[in-house]
Amino acid sequence: MSIVAPPATDNRNAPRFAPAKMRRIVLEMAYAGSTVHIACAFSIIELITVLYRHHLRYPGNDPRAEGRDYLVLSKGHGVMAQYACMHELGWLDDSHVQCYFKDGSDLKGLSDSRVPGLEVTSGSLGHGFSVGVGVAMGLQRKRTEQKVYAIVGDGELNEGPIWEGALVAAHHKMDNLMLIVDKNGFQAMGTTDDVLALGDLAAKFSSFGFETLEVDGHDEVAIDTAIRRLWASGPSKPKALIAHTVKGKGVHFMESDNRWHYTRLNAQTFADAINALGLPGAST
Amino acid sequence: MREAFSNALVRLALADPKVLLLTGDHGYALFDEFRKRCPDQYINAGIAEQNMVGMAAGLARVGFRPFVYGLAAFVPIRTVEQIKLDVAHDSLPVVLLGDGAGFVYSHLGTSHQSTEDIACTRAIPGLEVLSPADRFEMTASMDRAYAANGPVYLRMGKSDRGDVHAGPVDAISPGRLLQIRAGRADLPGLIATGSMTRTALDLAQERDLSVWSAPSLKPLSVQDVCAAARNSSGLVTLEEHSVLGGLGAAVTEITSEHQPTRVLRIGVPDRFSEHCGTHAYLLREHGLDIDSVRARLHAFCQDTAPTAAATLTA
């Protein structure tokens, strides 16, 4: 694997991971690769940037450092959001953005654990969380301070293994594990309410034995505060953060329009989307 | 054979504290010794096999050596996708232990019977497949599963058919056939795996045939299969598994390309069990009892080696 160029920086203190900039990278990748799942990436941008900016620890800025925290992107469809952050960390460079989906390239359309920085192979839903539960169990047995974050989609909660894993995480008191639900209200074919209603997710995870909070998934300060509160909430319980998000967030004509689960950008929509981000000097 | 399994597991776990046993709430008496001697390395993951295999992958990612136990109908069959994606894709050292393979649960019906597990696991890249025939092969298979330090499926079938080896076998080299009987080269040779190896040996003694045991099904040695083909008038494969995708298929994949010969695949026809009954009953239902196999073997001998076969009946 040719990827990995770790400059030795401490990512926690850098004023980086600006959401609009991350969205621009997603758009550039999606346009370069003529790919889909843009809206799936946009709903988790603030969640993932707050994690990289304030919480995830990578000793030596090494994506494979033994003492790292683990970010498990169980909803592999949002992987471009993670690529954008990995670009910011210097783990990916501009050529990875420009050559997205080119023949022989390394970055796939769904999370692939062979790429340093990605912990699981997902996209077949309901896999990553279980692997994250296993990582959390292993770290718990090793008595380390490392944390595991697992981002799952609300549509992904249709999958049975998520609930198997939730039982196991609570039973084994995995207080080093945080489940983050990207509750954007949509799945591939429609709203989650129409396809398979999830009911009160906070109540569900609380009843499973999770310490649970709900948050506006696009308010970076609120997300950061909620994550800190959850970790401070005391031992013995896994954590669940129900993040209320907007699918396609950040580009007004994509927001809550489920066509952007599947739609590819053309020259016009790419330019419109970049402009909609409101970045200085972004006019194309 | 089950005692050999338990002993090996306890021995490996005592030697390496990273070894963990995960079970999907199965193995009640089987793990008594393990739970007594390695209680901290025993994890009952609940009746949740998919999560259990994913979790084993996570444990392996942070340095543990999970052995994941279930009935073969569930591990691997229920969890094939987790094995493919979570375990094998990254060559993680997870050992999958599928117990009761074949018709061990003869009275319980299709849900607990497993005749497709070899076919499903063989096609997963990088996944090694083991299928011991007796207690000696079981011990060696457990050692091989640990030494492989990668993804392994170990198939555990009917365990009370008796020994096929006189004593402990050497360390298993992946894919090697173990010759357990040398017989006539002008008659068919038998290659068997798991529970059917005893049947193969019993029949071979009646007719002075060669028998090879195949405790390691994937990879499978091209060299050994070709040698067996060269030293016989044809090959007969025996397995308590579907004739599709198992040992018979693996042997014919090799012979058809490297050493063309007639191959009679004896295994479970493309059908589910119809009725309930003892293990012996179900073997009869599927044509795997010794009398049915003897009849097919006889016909195959007549077909592939008529002159030599005539000396048998004379």
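Residues numbered from 1 in each chain as written. Chains lettered and ligands numbered in written order. Predicted model: local features only at pLDDT ≥ 70, side-chain atom pairs only at ≥ 80, totals over all residues.

## Some details on the overall build of chain A
The helix and strand tally for chain A stands at 11 helices and seven strands. For 284 residues, the compact-globule formula gives about 19 Å, and the C-alpha radius of gyration of chain A, at 18 Å, lands near that figure. Residue burial in chain A is summarised as follows: out of 284 residues, 51% are buried. A separation threshold of at least 6 residues defines the contact pool for chain A, and within that pool the share at least 24 residues apart is 76%. (Helix = DSSP H or I, 4+ residues; strand = E, 2+ residues; numbered from the N terminus. Rg over C-alpha atoms; globule rule 2.2 N^0.38 Å. Buried ≥ 20, exposed ≤ 12 C-beta atoms within 10 Å, placed from the backbone. Contact = placed C-beta atoms within 7 Å.)

## Focus: the sheet that holds strand 3 (residues 65-71) of chain B
Residue and element names in this part refer to chain B. The seven strands are arranged 2-1-3-4-6-5-10 in an open sheet whose pairing can be described as mixed. Lying at the two open borders of the sheet, with one neighbouring strand each, are strand 2 (42-44) and strand 10 (216-218). Strand after strand, the sheet turns through a mean of 20° between neighbouring axes, direction not considered. Two strands pair when backbone bridges link them, and strand 1 (residues 19-23) and strand 3 are joined in this way by five bridges, in the parallel orientation. Residue pairing across strands places Leu21 opposite Phe67, the latter belonging to strand 3. (Pairing = 2+ DSSP bridges. Axes fitted to C-alpha atoms, helices over the stretch in contact; angles between N-to-C directions.)

## Considering the sheet that holds strand 3 (residues 177-183) of chain A
All names here are of chain A. Within the open sheet, the five strands sit side by side as 1-2-3-7-6. Their pairing is parallel. Edge positions in the open sheet fall to strand 1 (70-73) and strand 6 (211-216), since each of these has one partner strand only. Within this sheet the neighbouring strands show an average axis-to-axis angle of 20°, counted without direction. Two elements, strand 2 (residues 148-153) and strand 3, share six bridges in a ladder whose sense is parallel. The residue bridging Gly153 from the neighbouring strand is Asp182, located in strand 3. The strands touched by helix 6 (residues 128-141) are strand 1, strand 2 and strand 3; relative to strand 2, the strand with the most contacts, the crossing angle is about 165°.

## Brief notes about the pairing of strand 8 (residues 189-192) of chain B
All names here are of chain B. The two faces of strand 8 match: Gly189 and Ile191 on one face and Leu190 and Ala192 on the other face are all buried. Here strand 8 runs beside strand 11 (residues 235-242); their pairing, made up of four bridges, is parallel. Bridge pairing links Leu190 to Val236 in strand 11. The pairing of strand 8 with strand 9 (residues 211-213) spans three bridges and is parallel. Its bridge partner lying in strand 9, Leu190 is registered against Val211. Once the chain exits strand 8 it traverses helix 7 (residues 196-207) before rejoining the sheet at strand 9, and the crossover so formed is right-handed. (Right-handed = clockwise from strand over helix to strand, strands pointing away.)

## Notes on helix 11 (residues 290-304) of chain B
All names here are of chain B. Taking 1.5 Å per residue, 15 residues should reach 21 Å; helix 11 reaches 20 Å between its end C-alpha atoms and fits that length. Three or more residues of helix 11 are buried, namely Val293, Leu297, Phe300, Cys301 and Thr304. End-on view of helix 11: buried residues confined to an arc of 100°, all on one side of the axis. Turned more than 90 degrees from where helix 11 packs its buried face, Asp291, Ala295 and Ala299 sit exposed. (Expected span 1.5 Å × (residues − 1). Arc of directions from axis to C-beta.)

## Side note on the packing of helix 3 (residues 45-55) of chain A against helix 4 (residues 79-88) of chain A
Residue and element names in this part refer to chain A. Packing of helix 3 against helix 4 leaves a shortest axis separation of 10 Å and a crossing angle of 35°. With respect to the hand of their crossing, helix 3 and helix 4 are arranged in right-handed fashion. Contacts between helix 3 and helix 4 involve Ile45, Ile48, Thr49 and Tyr52 from the former and Ala81, Gln82 and Cys85 from the latter. Residue composition of the contact of helix 3 with helix 4, grouped by class: five nonpolar, two polar and no charged. (Left-handed = near helix turned anticlockwise from the far one by under 90°. Nonpolar A, V, L, I, M, F, W, Y, C, P; charged D, E, K, R; others polar.)

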